[in-house]
Amino acid sequence: MSALAVNIPAPPSPAVDPRTYRSVLGRFVTGVTVMTVGGAGLGRAGVTANSFNTVSLDPPLILWSLALKAPSLSLFRAHEHFGVSILAAHQRETALAFARPSPDKFAGVAIKHGETGVPLVSGAMAHLECRVAHRYPGGDHEIIVGEVLRLTGGDHQPLVFHGGRFCNVLEDDPAA
Ligand SMILES: Cc1cc2nc3c(=O)[nH]c(=O)nc-3n(C[C@H](O)[C@H](O)[C@H](O)COP(=O)(O)O)c2cc1C
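Residues numbered from 1 in each chain as written. Predicted model: local features only at pLDDT ≥ 70, side-chain atom pairs only at ≥ 80, totals over all residues. Heavy atoms only, no water.

## Remarks on the sheet that holds strand β12 (residues 165-168)
Going by this rule: Paired strands are those between which DSSP finds at least two bridges. Put simply, DSSP H or I for four residues or longer makes a helix, DSSP E for two residues or longer makes a strand, and each gets a number counted from the N terminus.
In spatial order, the strands read β1-β11-β12; together these 3 strands make up an open sheet with antiparallel pairing. The sheet is open, and its two borders are formed by β1 (30-31) and β12, each paired with just one other strand. With 2 bridges connecting them, β1 and strand β11 (residues 159-162) associate as antiparallel partners. Paired with Thr 30 across the bridge in β11 is Phe 161.

Have a look at this one:
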């Protein structure tokens, strides 16, 4: 057996209670995105995700993670490109629509298509078109790193997620 083939036993899971983990990390404020794939005759999928973050400016990379148990995982694995719609404050219903399994989440949602053919949610605060650059295992999620090919942004206020709820950005307090 070569040295590279030696099996190193996985370290024991840290003693973190899942409910405490969710409640503490749920305090971290995020925006809300809808990740989408579609076109190329493969079928389309859309998932509400707040695991989105920037990684690198040069090259321009972003990441997000998708649950291994998500029904849409196979479609996200099948497509080379994906779209990111960063939702605006008025798009709570859209965030909810893409956060539960459904045979056609896109019904009743205004969609436009990017140059790569990915569906994008109309009226969002910003749109990105990405090519999958890397996929990494991440526990019970798959980490997807995308190279940003194109992006546009508007003037809308963002939709915010905090403590398990959607909120809006508070204006700066001039007294602070
Ligand atoms: C605000 C919010 C953020 C979410 N973020 C993620 C995420 O980053 N990754 C993920 O896998 N699921 C996330 N979810 C849950 C998915 O949107 C949900 O499981 C969805 O049904 C997955 O799509 P699918 O059922 O079509 O596979 C989030 C849900 C909400 C409400």
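## Here's the deal with unusual backbone geometry
Note the cis peptide between Asp 58 and Pro 59, where omega equals 5°. Note on placement: Pro 59 falls in the loop between β4 (53-56) and β5 (61-67).

## As for the pairing of β5
Put simply, the test is: To sort residues, take the accessible area from a 1.4 Å probe on protein chains only and compare it with the maximum for the residue type: under 20% means buried, over 50% means exposed, and anything in between is partly exposed.
With respect to burial, β5 is a largely interior element, 5 of its 7 residues being buried. Taking the residues that link successive antiparallel strands as the turn, the β4-β5 hairpin has 4 residues.

## Re the site of the ligand
Cut-off, in case you're wondering: Definition of nearness: a residue and a molecule or strand are near each other if at least one heavy atom of the residue lies within 4 Å of the molecule or strand. N or O atoms closer than or at 3.5 Å make up a polar contact, with two conditions inside protein: a donor-capable atom paired with an acceptor-capable one, and, for residues adjacent in sequence, both atoms drawn from side chains. All accessibility values rest on the Shrake-Rupley procedure with a 1.4 Å probe; residue burial counts only the protein chains present in the view. Classes in brief: Ala, Val, Leu, Ile, Met, Phe, Trp, Tyr, Cys and Pro nonpolar; Asp, Glu, Lys and Arg charged; the others, Gly included, polar.
Near the ligand lie 18 residues; those nearest to it are Thr 48, Ser 51, Ala 67, Ser 72 and Lys 105. Between the ligand and Thr 48 there is a distance of 2.8 Å, counted from an oxygen atom to a backbone nitrogen or oxygen. Backbone polar atom of Pro 71 to an oxygen atom of the ligand: 3.2 Å apart, as the coordinates give it. Summarising the interface, the protein chains cover 81% of the accessible area of the ligand, which totals 640 Å² for the free molecule. Contributions of two or more residues to the shell around the ligand are made by β3 (45-49) and β5. Its residues placed into classes, the shell around the ligand shows 10 nonpolar, 6 polar and 2 charged.

## Description of the packing of aromatic side chains
Heads up, the condition is: Each pair of aromatic rings taken from Phe, Tyr and Trp, with Trp reduced to its six-membered ring, is defined by centres within 6.5 Å and is described as stacked if the planes are under 30 degrees apart, edge-to-face if over 60, and tilted in the remaining cases. Note on geometry: a ring has a charge over it if NZ (lysine) or CZ (arginine) is within 6 Å of the ring centre and within 35 degrees of the ring normal.
Under the definition given, this model contains 4 aromatic pairs. Taken together, a centroid distance of 5.2 Å and an interplanar angle of 70° make the contact between Trp 64 and Phe 76 edge-to-face. With a gap of 12 residues between them, Trp 64 in strand β5 and Phe 76 in helix α2 (residues 73-78) connect regions that are remote in the sequence. For Phe 76, a relative accessible area of 3% corresponds to the buried category. Geometrically, the ring pair formed by Trp 64 and Phe 82 is tilted, given 6.3 Å between the ring centres and 50° between the ring planes. Residue Trp 64 is found in strand β5, and its partner Phe 82 is found in strand β6 (residues 81-86); the two are separated by 18 residues along the sequence. Owing to a relative accessible area of 2%, Phe 82 belongs among the buried residues under this scheme. The structure contains a cluster of three or more aromatic residues connected by ring pairs, namely Trp 64, Phe 76 and Phe 82. The ring of Phe 106 has Arg 44 sitting right over it, with the charged end atom 4.3 Å from the ring centre.

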